[in-house]
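# Close look at the chain arrangement
Now for the letters of each chain:
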Amino acid sequence: MTSAAVQSKSPPSINAVDEDNLSANDTQILTSAEEADPELKLPKRSSLVIILLANALLQISFFIIVSSSNEYALHLGGTSTFSAGVVIGIPTVFSGLTLIPLMKYDRGGYGLALNICCAASISGMVLYGIAYKANWLYLILLGRITSGIGFAMWMYCKRFCSDPRIVGIRRRTTLASWLMVGNGVGMGLGPLLGGIFYRYVGFGKGTGDVWNGFTSPAWVLAAVWAAYWVAVRMWFEDVPPIEKPSENIELREKAPVQLMEDTFNDDPVNASGASYRHHAHPSPSSSTMPSPRSPSPSIVPNDKLEVGQWASVICICWFAMASFFILGAWEANIPVCEYCYSKFRRELTQLNSIFRCADGSVNPHLNFTPFAAGNFLAIGALGCFPFFILNVFLARRVQDRYTLMFGAGLGGIALIIFLALVSLDKTASGGSNNWVSSQIGVGTAPAFFICWFAVALGFNVASTVTMSLLSKQLPATVRWNGMSSVMVQYSNYLGRVTGAVWGGAGVSVGMTRYVGLEIAITGIGLALASSVWKHLKAKTG
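Residues numbered from 1 in each chain as written. Predicted model: local features only at pLDDT ≥ 70, side-chain atom pairs only at ≥ 80, totals over all residues. Heavy atoms only, no water.

This part covers the pattern of salt bridges. By the definition in use, this model includes six salt bridges. Where Lys-472 meets Asp-400, a salt bridge forms, and the shortest distance between an N and an O atom there is 3.2 Å. With Lys-472 in helix H18 (residues 446-473) and Asp-400 in helix H16 (residues 400-423), this pair connects stretches of sequence that are 72 residues apart. By the burial criterion, Lys-472 is buried, and Asp-400 matches it. (Salt bridge = Lys/Arg side-chain N within 4 Å of Asp/Glu carboxyl O. Helix = DSSP H or I, 4+ residues; strand = E, 2+ residues; numbered from the N terminus. Buried < 20%, exposed > 50% of the residue type's maximum accessible area, 1.4 Å probe, protein only.)

Another point: H16. With 24 residues, H16 should cover 34 Å at 1.5 Å per step; its first-to-last C-alpha distance of 35 Å lies within 8% of that length. Just beyond H16, the residue with positive phi is Asp-425, at close to 55 degrees. (Expected span 1.5 Å × (residues − 1).)

For the rest of this paragraph, the subject is the nonpolar core. Of all hydrophobic cores here, the largest spans 101 residues; its most connected members are Leu-114, Met-153, Tyr-228 and Trp-330. Looking at this core, the element that brings in the most residues is H18, giving eleven residues. Apart from residues lying up to four places away in sequence, Leu-114 is in contact with Ile-50, Ile-51, Ala-54, Met-153, Tyr-228, Val-232 and Phe-236. Core analysis: the next-biggest nonpolar cluster, separate from the first, contains 21 residues, Ala-408, Ala-462, Val-465 and Leu-474 among them. (Core = buried A, V, L, I, M, F, W, Y, C linked by side-chain atoms within 4.5 Å. Contact = heavy atoms within 4.5 Å.)

The subject of this paragraph is the side chain of Ser-491. Mapped onto the elements, Ser-491 comes out in helix H19 (residues 478-504). Non-local contacts of Ser-491, meaning those with residues more than four positions away in its chain, are made with Cys-317, Ala-320 and Met-321.

For the rest of this paragraph, the subject is the packing of aromatic side chains. According to the stated counting rule, one finds 28 aromatic pairs in the structure shown. With centroids separated by 5.1 Å and ring planes inclined at 80 degrees, the aromatic side chains of Tyr-72 and Tyr-128 adopt a geometry described as edge-to-face. Of this pair, Tyr-72 sits in helix H4 (residues 66-75) while Tyr-128 sits in helix H6 (residues 111-134), placing them 56 residues apart in sequence. This pair shows no difference in class: Tyr-72 is buried, exactly as Tyr-128 is. Considering the side-chain rings of Trp-330 and Phe-448, the 5.8 Å spacing of their centres and the 45 degrees angle between planes classify their relative orientation as tilted. (Phe/Tyr/Trp six-rings, centres within 6.5 Å; stacked < 30°, edge-to-face > 60°.)

As a further point, take a nonpolar patch on the surface. The grouping of Leu-189, Leu-193, Ile-196, Tyr-200 and Leu-382 at the surface amounts to a nonpolar patch, some 410 Å² of accessible area in total. Ranked by the residues each element gives to the nonpolar patch, the list is headed by helix H9 (residues 172-201), at four residues. Residue position: Leu-189 is located in helix H9. Given a relative accessible area of 31%, Leu-189 falls into the partly exposed group. (Patch = residues over 30% accessible without salt bridge, like charges linked within 9 Å, V, L, I, M, F, W, Y side chains within 5 Å. Areas by Shrake-Rupley, 256 points an atom, 1.4 Å probe, with all protein chains shown as cover.)

With 72% of its residues at a pLDDT of 70 or more, the chain shows a mean pLDDT of 78. When pLDDT is averaged over each element of the chain, helix H10 (residues 216-235) comes out on top at 97 and helix H12 (residues 257-262) at the bottom at 36. Across residues 358-365, where pLDDT falls below 50, the model places 34 contacts with residues more than four positions away in sequence or in other chains. (pLDDT = per-residue confidence, 0-100.)

On to the packing of H16 against helix H21 (residues 511-531). Relative placement of two packed helices is described by the angle separating their axes and the distance separating the axes. Interaxial distance between H16 and H21 falls to 9 Å at its minimum, and their mutual angle equals 155 degrees. Accordingly, the angle class assigned to the pair H16 and H21 is roughly antiparallel. When the axes of H16 and H21 are compared, the crossing they make is left-handed. Counted together, Met-405, Ala-408, Gly-409, Gly-412, Leu-415, Ile-416, Phe-418, Leu-419, Val-422 and Ser-423 of H16 and Met-511, Thr-512, Val-515, Glu-518, Ile-519, Thr-522, Leu-526, Ala-529 and Ser-530 of H21 form the full contact between these two elements. Looking at the contact of H16 with H21 residue by residue, the classes come out as twelve nonpolar, six polar and one charged. (Axes fitted to C-alpha atoms, helices over the stretch in contact; angles between N-to-C directions. Parallel < 35°, antiparallel > 145°, perpendicular 65-115°, else oblique. Left-handed = near helix turned anticlockwise from the far one by under 90°. Nonpolar A, V, L, I, M, F, W, Y, C, P; charged D, E, K, R; others polar.)

So this is what it looks like as structure tokens:
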């Protein structure tokens, strides 16, 4: 009775603060509102930093060997196709195989996955590093398989940033944007550091079978992961484990009525983003305690999806797959194109430094070394970094569906432009073959670089909101948060594996067909989003 009376005296609109129209005097009110409003809650800062660092380190571990793995595989008797599969395909496959058994034992937490991630990442890097001394190609494969087990942590990073127990609905896109910043760090620093190690550690004085241009990135990352593991053990605070269903049922039956009334603050959201929260003053009858055996039906959230929600799920999963398919294809194709040109360089000199693909289209003379290929990938990704930071602040004001369409549209336009350049043999227009340009990589084919920059920016931005948007479409329960994380992550894995294969085969099938398929996949996604546009509406933040 007393709690109900106190509640009726409190301002009814404290949870409906308009963040865009605040004066300086409202700062203190907003701070208290953020602390009280479950839509704005955030996890413990140290745990959040640990998760964001895990995402960035996984990205660096994934990309740091991209620039030199092709040469490494060739040195040990492999092929470029083997290199593309080892770098992108194989780790992703085993990461996907690890998820299901790992989720069976994690009890809804993150500590187990973090510890397995650290152990697998260190072991994988060590195996990759000793392959040179052992002179055995398949140690590279075993190392990347082991690292792939650690890559299962990617799903847990997404799940952590959308977990309704610790993250409010208006903070999920913001945290997803920080994950994208980590993706940008990995895509940029990974190939750059790999190229630097290959170029400046090399194979001269002070190097040997253990420490050289191929193995040095693996040894450095193994040490970084070991230090990070210590930080995890010291500062990460896991969420409470999920109770068994029988215990939940018993708790619900014996819970005091005051706890049931508090569940109105959970503010479930439907597929259109509309809130069910009631801001009106409580009626006098609400001050009387209802019978424990007759709880309100609105307290129990609907755990079944409507047709519109399922359509949104299909659309979002398509974009999650398409973004990583296209990014993976480009990341695999650029180093492979360099190798294909180098192999046939002498025979193609008389053809004005171009060669013809299977479909009759032409590829430019890139003449990339592993150092230049790493720089080409890295500078494009690092150029996107300021836009990734900007997106963190825009996430609180721009709807996820607009971000999704903008990213896919920008990437699609870049693909169309690149297709035109390939068809007209203008990919290397404005390029220079001097020493500086060949070392940086960008100066060799500036038009190609601009397309890569736009593709990296567009599809990274589009992939940002897939997890946060899907979590807003589904019921705010731990069960659905886990299911949505798995759906998005397996869509990402499917895109990475097939994209890597497609990128490695780009020269064989022809560059026009290679780009044409990517344009078709993007177009299908845009058509799906247009057909379910009203169902993609969700709360910002």
